[in-house]
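Residues per chain, in single letters:
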Amino acid sequence: METAEPGTGDYRTDPRLPPITAAGARDAVGYLSLLEVLDLTPRGQAAGQLAADLARRTPAE
């Protein structure tokens, strides 16, 4: 059995996006819910499931 060398790598230098705000998350839930209503394919259903998951993780005001 071979043993791996300790992991080495570089840190990212490109700028990262800021974390999503609670207001931004609520907007995203609204858009995903609308997409679920408008798209009757499995993609629409997946958007609804994602909206429900994001809504559960979004803090209340």
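Please read these numbers as outputs of a predicted model, since none were measured by experiment. Residue numbers here run from 1 along each chain, matching the order of that chain's written sequence. In view of the model being predicted, local features appear only for residues whose pLDDT reaches at least 70, and side-chain atom pairs are presented and counted only at 80 or more, with totals across whole chains, interfaces and linings using the full set of residues. Computation of side-chain values: all heavy atoms of the structure, hydrogens and water removed.

Caption draft 1: Region of the structure containing helix H1 (residues 22-38). For H1, built from 17 residues, the straight-helix expectation of 24 Å at 1.5 Å per residue is met to within 8% by its first-to-last C-alpha distance of 24 Å. Burial classes follow relative accessibility: with a 1.4 Å probe on protein chains only, a residue under 20% of its type's maximum area counts as buried, one over 50% as exposed, and anything between as partly exposed. Each helix is a run of DSSP H or I of at least 4 residues and each strand a run of E of at least 2, with the numbering of both proceeding from the N terminus. When H1 is considered as a whole, its buried residues turn out to be Ala25, Val29 and Leu32. In a view along the axis of H1, the buried residues occupy a sector of 70 degrees, so they form one face of it. In H1, the exposed positions angled more than 90 degrees off the buried face are occupied by Tyr31, Val37 and Leu38. One less than the residue count of a helix, multiplied by 1.5 Å, gives the span that helix is expected to have. The directions from the helix axis to the C-beta atoms form the arc being described.

Caption draft 2: Examining the environment of Gly48 more closely. Inspection of the secondary structure assignment puts Gly48 in helix H2 (residues 42-57). By relative accessible area, which is 10% here, Gly48 ends up buried. Beyond its immediate chain neighbours, meaning those up to four positions away, Gly48 contacts Leu32 and Glu36. Contact definition: two residues touch when any of their heavy atoms are within 4.5 Å.

Caption draft 3: Local environment of the pattern of salt bridges. We define a salt bridge as a contact between a side-chain nitrogen of Lys or Arg and a carboxyl oxygen of Asp or Glu at a distance within 4 Å. One pass over the full model with this rule turns up 3 salt bridges. Asp53 is the partner of Arg56 in a salt bridge, and the nearest nitrogen-oxygen pair spans 3.6 Å. Linking Arg56 with Asp53, this pair stays in helix H2, spanning 3 residues, or about one helical turn. A relative accessible area of 63% means that Arg56 is categorised as exposed.

Caption draft 4: Main features of a nonpolar patch on the surface. Here a patch means residues that are over 30% exposed by relative accessible area and free of salt bridges, tied together within 9 Å if like-charged and within 5 Å if nonpolar (Val, Leu, Ile, Met, Phe, Trp, Tyr). Areas reported here follow the Shrake-Rupley algorithm with a probe of radius 1.4 Å; residue values treat only the protein chains shown as occluding. There is a patch of nonpolar side chains on the surface, built from Leu34, Val37 and Leu38 and spanning about 330 Å² of accessible area. With respect to the helices and strands, Leu38 occurs in helix H1.

Caption draft 5: Representation of the side chain of Thr58. Within the element layout of this structure, Thr58 appears in the segment after H2. Residue classification places Thr58 among the buried residues on the basis of a relative accessible area of 16%. Throughout this description, a polar contact denotes any pair of N or O atoms lying within 3.5 Å of each other; where both atoms belong to protein, one of them has to be capable of donating a hydrogen while the other can accept it, and for residues adjacent in sequence the pair is counted only when both atoms sit in side chains. In this structure the side chain of Thr58 is engaged in a polar contact, spanning 2.7 Å, whose partner is the backbone oxygen of Leu54. Residues in contact with Thr58, not counting those within four places in the same chain, are Ala22, Ala25 and Arg26.

Caption draft 6: Representation of the packing of H1 against H2. Only the stretch in contact is used when a helix axis is fitted, and all axes are lines through C-alpha atoms; the angle between N-to-C directions ranges over 0 to 180 degrees. Where H1 contacts H2, the axes come no closer than 7 Å and their chain directions differ by 155 degrees. Between H1 and H2, the angle falls in the class roughly antiparallel. Relative to H2, H1 is oriented so that their crossing is left-handed. Residues Ala25, Ala28, Val29, Leu32, Ser33, Leu35 and Glu36 of H1 pack against Gly44, Ala47, Gly48, Leu50, Ala51, Leu54 and Ala55 of H2. For the contact of H1 with H2, the residue count by class is 10 nonpolar, 3 polar and 1 charged. Oblique is the label for any angle not covered by the other classes, which are roughly parallel (under 35 degrees), roughly antiparallel (over 145) and roughly perpendicular (65 to 115). By the definition used in this description, the sense in which the near helix is turned from the far one sets the handedness, with an anticlockwise turn below a right angle giving left-handed and a clockwise turn giving right-handed. Each residue receives one of three labels: charged for Asp, Glu, Lys and Arg, nonpolar for Ala, Val, Leu, Ile, Met, Phe, Trp, Tyr, Cys and Pro, and polar for the others, Gly being one of them.

Any functional reading would require information that these geometric values do not contain.
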